Structure formats: structure tokens, C-alpha cells
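This is what each chain is made of:
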Amino acid sequence: MHIDKEAFKAKLIANVRILSRQSVETATQEQLYEALAFTIRDYVTSKWLETHETYDRTGCKIVCYLSMEFLMGRFLGNAIMNMTMFDEIKEVIDEMGIDYNLIEDAERDPGLGNGGLGRLAACFLDSLSTLELPAYGCGIRYHYGIFEQKIVDGAQMELPDDWLHNGDVWGVRRREYAVEVKFYGNVVREMKDNGEYRYVHENYQSIIAVPYDYPVVGYNNNTVNTLRLWDAEAKNMFDLEKFNSGDFQKAVEEQNLAKALTDVLYPADEHYAGKELRLRQQYFFVSATLQRVITKFKMKFGNNFALLPEKYAFQLNDTHPSIAVAELMRILVDENDVAWDEAWEITKKCCAYTNHTIMSEALEKWPYDLFSRLLPRIFMIVEEINKRFCNMLIEKYGHDAEKIRRMAIIADGQIRMAWLAIVGSHSVNGVAALHTEILKNQELKDFYEIYPERFNNKTNGITQRRWLGHANQKLAKLITKEIGDGWYTDLDELHKLEPLANKKKFREAFMDIKRENKVELAQYFKETMDIDIDPDSIFDIQVKRLHEYKRQLLNVLHIMHLYNQLKEDPNMDMVPRTFIFGAKSAAGYKMAKLIIKLINKVADLVNNDPSINGKIKVVFAANYRVSLAEKLIPAADISEQISTASKEASGTGNMKFMLNGAVTMGTLDGANVEIMEEVGEDNIFIFGMKADEVIDQYARNDYNPWDIYNMDPDIQAVLNMLINGTLDSNTETFKPIFESLLNGYNGSRADEYFVLKDFNAYAKAQAKVDAVYKDKDKWAKMAIMNTACSGKFSSDRTIKEYAEEIWGLKPVHVEMKKK
Ligand code: 26V
């Protein structure tokens, strides 16, 4: 988009003045950031208004992506890029003598998500806007996002993430769309005029849900969709009516209910704890979203609810918003007199469910009494859904009581949210081909048997705009110079780079950029941690949430093994390697925290031992988050994707690394399988057990890691370091890791994730990396092939599949009215 540079400059100067009473010369970086953001927001708003006018005028279908998490990353740079204003704005900023990068760096990450699931939601919104697909992201405006991580004496400390501290430049509070959400109380039955019954919720406590809208700017078009995040507010300081009628207690309770509700994101991914506050959060944003949708629907289309599935689709991001199934039924049946059967058909047509994990710890199962107390009417509706579903099962499998017990939505005093989501949706999808197969054949086998037509795969993707266009501007420029800028909206264009892998000049240019990115990262580590790393070493990076199944432990045990080898033979021939980790652990996940400590203690040992001649370095990059990922990923040579096969649903970091020319070291798990298909076996390092082997081995239950320990002196030496004082003078510190690998810990099986079983295969694959890297040309070709073959992993491809195969959603072009 072309801008009038002088007008822009004048606006920016004026905004610095208005917002901070400063001049450009005296303003702080934060103040300059705020002023620039406001200036950009002005341009965004014209498109935003036009987009919604177009949606209203055409009455087009809209998808609501319901998610507890949106890990958006910084807005400013992304908005500027997507508005295609970057070059001009950069010029203006340079002319004004301001350092553009420092301004971008002044924006705090809105960390409203834990990891993959939340970041996927953000990539999807970017693609939806870029593809001109009408969409809302619907979620919660947490006052505190994912905690800020500090490392103190090797251990993780959690600090609150006060991301709203300097205000909220991008959010627009929309008091006019506030809705009331009701909790607790009781339900009474009333006779309607026609002799039927209606259920009425009484004596409830209310919370007001107030939406804040954030713009989601499409790339090089006029579409600006909305991320709508709901905040909780108390109904009244003192609800006077209740106060006067003597219910002081309740007025105060409502105050308290509102206060905590949207305070903080639950920071434990893949671990369900059954906390009431979380269920409150879920119902709160789902109910607010659906109430608002139905109100708007009725304004446009009256009470013709049969039309609802043609106008709205609700995508459930995991089971977290699956209560939508029951809430939509409530709104249709109780509030709008739609008959049950008709409402049920509408609900199923509107809802679709995505599964993001097979880790059983993550399955949400709410205790019956907690659920029925908090949401008495919703509970009745779930009971009715369950009754009808079980009746259907009895008709089908009358003889098989065990199966019916397994499949019931309510059983063993619990409500199984995944089952509710499956039964109430027309689509159930996994997030990578392997994952979907495991769902169909193992985890959700019973449901696949009765609803085969509902199951489908949607392999995840990432947005190339943020993860190449913004994160790796040098590479983006080089690629555009060679093949044009079509890849911004059609990532398959990158295939045009394949023949260039054979051109020496291109290989040099490509690897020069990789080296520059490595130098920049090395500088960042020097400044923030005062550590020296060699940009000519192999940058081997594993960044993701810390979880045992992701096997950061395998990586660090291998580093200890390398260290032992170097101690034996300091002249061992190897390319120097820098191992970089970034990972947050759930605060209460002891083993994960201990693994963080282990990584840091190994870093202390290795980095401070002059006898190994700096051949290996270990860096734990604290507070891993989207903005840090944007610095790390472009500098990677090796991308570690080493989860126990069958456990990682997809992974999306793997795709970001591939796009940026890193070579994957991985197991055949999640989307790694498809990455190998795209890039070819020669351009990836694959090792270890296959998914079916893991599943079989687990079923046989005859694995004994002691056999490995006893037979393999290298592994024995490494494990002994955990308990012999090498890493920590207190020999008890890492004992739980030793125990978990050999005997099982806290009820888990010995080496539950097959770290020792895969160790040798991993070490061998790592040795191969070393050998291949020595051949500079060969490595460059591999790196280029990874970028060139990453087209499939654009979230644009993923979103097109959702739009066509699940939502029935068509693009709507937004035209700007002439001024
Ligand atoms: C579960 C829970 C349980 C209660 C506490 C808070 C909380 C937060 C998140 C979750 C579910 C996490 C599931 C998840 O993030 N799955 C990841 O989804 C990615 C996108 O599909 C996928 O690439 C990763 O492989 C998968 O682990």
C-alpha cells in the first residue's frame, strides 16, 4: 500500500505529542512505539470498518474460531508488513533518526497462550484474513499471559506477565456489545402457553462479558478480521437491587466472581487439573460469543434458525470450548423455543472439533458435582444429550455394555468433554496425517466406528508472513530477488528455489544469510547472558514447551555423552556445536523443572571446561516466546524434533525451522512424517522407534531399561553423572531423573518415553550430522531443499482445507470505497 510519507511523518509527530507530551527527540522507545502503533492503527481502522460493512451487507457466512488461547506475537511489525508499508515506513523512521528495530522491540509480547495450540490459532487468523475469509477469533482477554521465565541458579522461576502494564494500543473496548453470563443458582420448570415446558435459570450470579476487539490484518488486501477477546466485569459496584432486598452477600460474591475470572491464563499445557476457575473461563467466553452471535443473527435473519449453519461455523480448538455444544442448545431451546431435535441438527451442523493431543493427562473430564453446581442448566442439557446418545448406542450395541460405558458422555461421576465435542460436531479432525490415523485406530476408535464420515485430517501449518517475511527479512529479500514475491501468498512458489540449490552463487548467498543470522543471535546471547558462542559452530536448536514426551532429556543426555568423549579425547574430530534450548515448564511439573535445571547445570559444566577447547557450548535461552522464536529460528542449522513417536500430535516449530533452512533431526512423529515426504529422505535426519513400535512395546509392557544400562558403558557413564556429584555437589538433586529412567518415578513406567531405547540411534544420527556438515556444499543444498520444499506447511493451505471441507466458507472480497 502506498502512503504519503510527509503526511505519515506529521501524524507520527503529532501522536508522540498527544499521547506522551513529548517530542520525537525526547520520547522513550515505549512512547515512540505507542505513537507509531497508533499511527498505523489509523490506516488499519479504515480497512477494518470496510471489512465489517462488507460482511454485514453481503450476509456472508462467518467462522468463529473458539480458542482459550491466541499466541499472537507482537502486532506492530506484522501489521506494517501485511499492509505492505514496510519499506516506506522504514524510510520515514530512518529519516527521523529513529532506530526502527528498537521501536519494534519495545512492544511486549501478548503471551495469551501456552504453546503450539495457541500459536496455531494465531497463524490461522493471519491466513484467514489473507485469504479474505470472514472470521472471528474468539477468546479471553487474560490480564496476565504466560508467566515470564527467569533462570536463577539453573532453576526456572515464574514471574507474572503484566502485558497490559503500558496500556493496550491495539484493543478496542466495545461496551455496547457486552452480554451477561450466568453461573450457579437453580433451574425451575414452567409451563408454556402451548402446554410444553420451559426451563428457567434462577438465583444465578451474573458476570458481564465485555469484548475487546483486535485487528487481524490480511496480507496485501483490504480484509481486517477481528480477534474478539472477552473481559469480565462485575455487574455493579454494588448491585443495588440485591443490596436493598437484603442480598448483600450475593452482590459481593458477584464482585469476586468477576474479579478472578479473566485474571490469568492457565499455564499448564497438556495437563488437566479439574479447576473450577478454568471451567468458569470456558463457559464465560463460549457463552458470551454464542449469545452475541445469536443476537446478531436474529437482527439480520429473524428467527429462521435453520439458516444458522449457513451463516456461522464454530471451530472448537481442542475440548476447551466444547461446552459450546450445550450452550448453543440452551440458547436455541430455552431462549428461542426451537424444538430439541431441530436444535440438535443445527448444533451439529455448526460445530466442528479439532483434537490436538493424545496425551491422556490433557483430557478434560469435569467432576459431575462441580459442573452441575456451576452450570445447572447446562448440566441438564448435557444429561439429555448423553441420554439420547446412549439410547442410540443401546439400539446399536445393546449386547456390549462395556462399550457403552466407555463411550458415554457422563460416566464414573465425570463429564467427558472430548466425547461431548465429538457427538455434537459434524467434523472431528486431527492435526497431522499420523495423528489422525492414531485417533481413528486407537484413541477414538469407538467413535470412528459409528461416525466414520466425521473424521478427517488437517495437517497443521504456519504463516510464512510472520515466520519468514518478518522473522528472516534477509532471506525473504534474497528469495524475492530470485523468484519474485509470489511466495507471500502461495508458498508452493518456493519450489522454484530447488534448481538454485545446484548454483554455487545462490548457495553462497543463502549460507551467508544463515551466518549473518547466527552472528546476530550470538550478539544477543553476548548481550543478554554474557556468553561467547562461535557463529561457525553448528547451531542445534530445540525450542518448545518442556515435556517429557518431547524428550529434551534425550538431547541433554547426548550432550553429556559428547562431553565424555571429548574428555577422553580432546582432539576428537568434530565440528564445534552450539546446543540451544528454550522451554517453559508448567510451574507444578517437577520432572520438567528438573530437566531445565539439568540443562543449565550441563551448560555450566561444559561451557566452563577449557579442556574441551570450546567444541561444545550449551545455551539455555530464558523466557522462550514468540518474539524470541523469531530471533532463534532463522539462525538454526539443526531443528530438534525428537519426541517419542506417536506422542507429538503435529508440531509446528518443525515447520518454522524447515522454512528457514534448518535441517530436521527427528523421529517419525507428528508432521515430521510429512516433512520427510516433502523434503526427501536425504535431506532430513530420521532416527528411532516408529509410532507402531512404540504403541506395541507399550502394550507388551516388557521393556526393561536396566538391560541397556548394564550393557552399554557409554549410557552407564552418562547416567552415573546424574548421581555422582559431577553436575551438582548434592548427589540427590538429579536422582529423580535417574530413577525415572531406570525404575519409574511417581507411578510412571521405567523410561516411559523410551529415551534410553532411542539413545544410540540418536547418537548415530547426530554423528551423521557432523559428517555431512563438513561438506559445505552438501549442507547448503540440504538447507536450501528444506526451504524449497516447505510449501505444504503454509497455514494458507491448512485454512483452505478447513474452509472447503469443514466450514463451507467462501472468500469475500473487500473493496475500499473511494474517499
Ligand atoms: C491442555 C490444557 C489442560 C488444562 C490446563 C491448560 C491446558 C492448556 C493446553 C492444553 C492442550 C495442549 C494441547 C496442545 O498444545 N497440543 C499441541 O497442538 C499443536 C497444534 O495443533 C500441535 O502442533 C502439537 O503437537 C500439540 O502438542
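You'll find the structure just up there.
On a predicted model such as this, the values are computed, not experimentally measured, just so you know.

Each value, and the rule that gives it
- Residues numbered from 1 in each chain as written.
- Predicted model: local features only at pLDDT ≥ 70, side-chain atom pairs only at ≥ 80, totals over all residues.
- Heavy atoms only, no water.
- Pairing = 2+ DSSP bridges.
- Helix = DSSP H or I, 4+ residues; strand = E, 2+ residues; numbered from the N terminus.
- 1 Å grid on protein atoms, 1.4 Å probe; cavity = no way out; pocket = protein on both sides within 12 Å on 5 of 7 lines; lining within 4 Å.
- Points joined across faces, edges and corners; volume = space filled by probe spheres on them.
- Nonpolar A, V, L, I, M, F, W, Y, C, P; charged D, E, K, R; others polar.
- Buried < 20%, exposed > 50% of the residue type's maximum accessible area, 1.4 Å probe, protein only.
- Contact = heavy atoms within 4.5 Å.
- Patch = residues over 30% accessible without salt bridge, like charges linked within 9 Å, V, L, I, M, F, W, Y side chains within 5 Å.
- Areas by Shrake-Rupley, 256 points an atom, 1.4 Å probe, with all protein chains shown as cover.
- Salt bridge = Lys/Arg side-chain N within 4 Å of Asp/Glu carboxyl O.

Visitor: Before we move on, can you summarise the pairing of strand β7 (residues 186-191) with the specific residues and values?
Guide: Here six bridges tie β7 to strand β8 (residues 197-202), and the two strands are oriented antiparallel to one another. Considered in β8, the bridge of V187 is made with H201. Counting the residues that bridge the hairpin from β7 to β8 gives five residues, and of these G195 lies at a positive phi of roughly 90 degrees.

Visitor: Residues and numbers for the layout of surface pockets, please.
Guide: Of the volumes computed, that of the second largest pocket is approximately 490 Å³. Looking at the second largest pocket, it is lined by 22 residues, and the ones nearest its centre are H52, Y136, R174, D213 and R228. If you tally residues by element for the lining of the second largest pocket, the top one is helix α2 (residues 29-58), at seven residues. Among the residues making up the lining of the second largest pocket, the classes are represented as 10 nonpolar, four polar and eight charged.

Visitor: Mind laying out the environment of A501, listing which residues take part and the relevant values?
Guide: One can find A501 in the loop between α20 (473-483) and α21 (504-529). Classification of A501 by relative accessible area gives buried; the value is 3%. Through-space distance from the C-alpha of A501 to that of M782 is 8.2 Å; in sequence the pair is 281 residues apart. Apart from residues no more than four positions distant in its own chain, A501 is found in contact with R507, K781 and I784.

Visitor: So what's going on with a nonpolar patch on the surface? Which residues, and what values?
Guide: On the surface, a cluster of nonpolar side chains totalling about 270 Å² of accessible area is made up of I18, L19 and F38. If you trace the backbone, F38 turns up in helix α2. Of the residues examined, F38 reaches a relative accessible area of 31% and is grouped as partly exposed.

Visitor: I'd like a description of the sheet that holds strand β21 (residues 638-641), backed by residues and values.
Guide: Reading across the sheet, the six strands line up as β20-β19-β18-β21-β22-β23 and stay open at both edges, with parallel pairing between neighbours. With one partner strand each, in any of the chains shown, β20 (616-620) and β23 (685-686) form the two edges of the open sheet. Where strand β22 (residues 663-666) and β23 come together, two bridges link them in parallel fashion. Paired with G666 across the bridge in β23 is I686.

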